[in-house]
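As a plain string of letters, each chain reads:
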Amino acid sequence: MADKEKMNGVQKAAVLLIALGPEKSANIFKYLKEDEIEELTLEIANTRSISPQIKEDVIEEFYQVCLAQQYIAEGGIGYAKELLDKALGQDKAQEVITKLTASLQVRPFEFVRKTDPSQVLNFIQDEHPQTIAMILSYLSPNQASMIIGALDPDKQADVAKRIAMMDRTSPDVIKEVESVLERKLSSLANQDYTIVGGVDAIVSILNTVDRSTEKHIMETLEVEEPELADEIRKKMFVFEDILLLDDRAIQRVLRDVENNDLAIALKGSNDEVKGVILKNLSKRLASMIEEDMEFMGPVRMKDVEEAQQKIVAVIRKLEDAAEIVISRGGGDEIVV
């Protein structure tokens, strides 16, 4: 076999699997796609001999890449480069990082995802709303909700609107913003145009943010962007989110729901949702609903969605009237 420098990725992977032995290799195969397994199996079958030096070199390279991935997960590319510089020297560290970032699509602003939201807020609260929107689009909904909730009220709706209307962001723009937030992290930027934001992104954030912030943002959007506000509102609380309600709240909701709508809505729901709802009905009514579902036969998905949306509307109405509380997961909610 050729020396390690002339080997391609498949050949190196084959050498690694041979070195690991059949038991460990079999466990690795469980996580691969069929075409990858076929390619590796063929390469292993065609490998006649491996020198101890090549085997050692491949294992060492694999170890270095794993180490780099661990450091990236802990603190980002900059942190990984700093530690690898000390462990391997600058040239070798740069080679490993370059190899890793070329084969992996490292998510932009990964270092921000490791940072406390209050610290991120200090960095970005005075930035342009478009810059804030782009950064929040890359964060988890929990992080983004905490930050958007702490922004000035005048800026909240503007940022929310920009997240919802965001489509594709140039890698050059991402690099420029990243360079402000984290030194020497321009390599984080994906060389492909990256899709971030959109309605789903702002819905995830608003579903996690506190109710007063959500109401302020939605009321502002209803005035400035009524169509966008309507699209967001439809996705704000889906039927399956009824699992976020406690039994008492579910029972209160069901009092305002027509039996026929409930039966149709449950036709398209999963077993967990069905179980929770039927559990909160009287035995007689639960039996009636189950019989209705059985005898109504196939139901159009459009009718199921309409029935579920009616129930969602009841939930939103009761929440606005403070008759029920939706557990949003964004912090401790005290009900007295």
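So, here is what we can say about the structure in this document. (Residues numbered from 1 in each chain as written. Predicted model: local features only at pLDDT ≥ 70, side-chain atom pairs only at ≥ 80, totals over all residues. Heavy atoms only, no water.)

What follows is about the nonpolar core. Judged by nonpolar contacts, the single largest core of 32 residues is most densely connected at Leu136, Ile148, Val159, Ile163, Ile202 and Ile232. If you list the elements that add at least two residues to this core, you get α7 (117-124), α8 (129-138), α9 (141-150), α10 (153-165), α12 (199-206), α13 (211-224) and α14 (226-236). Ranked by size, the runner-up nonpolar core spans 31 residues in total, among them Ile242, Ala249, Val276 and Met293. (Core = buried A, V, L, I, M, F, W, Y, C linked by side-chain atoms within 4.5 Å. Buried < 20%, exposed > 50% of the residue type's maximum accessible area, 1.4 Å probe, protein only. Helix = DSSP H or I, 4+ residues; strand = E, 2+ residues; numbered from the N terminus.)

Looking now at the pattern of salt bridges. Any two side chains of opposite charge can pair, given that their charged atoms come close. Taken as a whole and judged by the stated rule, the model has 8 salt bridges. Residues aspartate 158 and arginine 162 are paired through a salt bridge, measuring 3.0 Å at the closest nitrogen-oxygen approach. Taken together, the residues span about one helical turn, with aspartate 158 and arginine 162 both in helix α10 at a distance of 4 residues. By relative accessible area, aspartate 158 is classed as partly exposed at 21%. (Salt bridge = Lys/Arg side-chain N within 4 Å of Asp/Glu carboxyl O.)

This part takes up helix α19 (residues 301-320). An ideal rise of 1.5 Å per residue puts 28 Å on 20 residues; α19 measures up with 28 Å between its terminal C-alpha atoms. Taken together, the buried positions of α19 are Val304, Ala307, Gln308, Ile311, Val312, Val314, Ile315, Arg316, Leu318 and Glu319. Positive phi appears at alanine 322, one or two residues downstream of α19, with a value of about 60°. (Expected span 1.5 Å × (residues − 1).)

To continue, consider α7. Taken together, the buried positions of α7 are Pro117, Val120, Leu121 and Ile124. Angularly, the buried residues of α7 cover 105° about the axis, an arc narrow enough to put them on a single face. Exposed side chains of α7 directed beyond 90 degrees from the buried face belong to Asn122 and Phe123. (Arc of directions from axis to C-beta.)

Attention now moves to the environment of proline 129. With respect to the secondary-structure elements, proline 129 resides in helix α8. Classification of proline 129 by relative accessible area gives buried; the value is 13%. Residues proline 129 and arginine 162, 33 residues apart in the sequence, show an inter-C-alpha distance of 7.6 Å. Leaving out residues up to four positions away in the same chain, proline 129 has contacts with Lys155, Asp158, Val159 and Arg162. (Contact = heavy atoms within 4.5 Å.)

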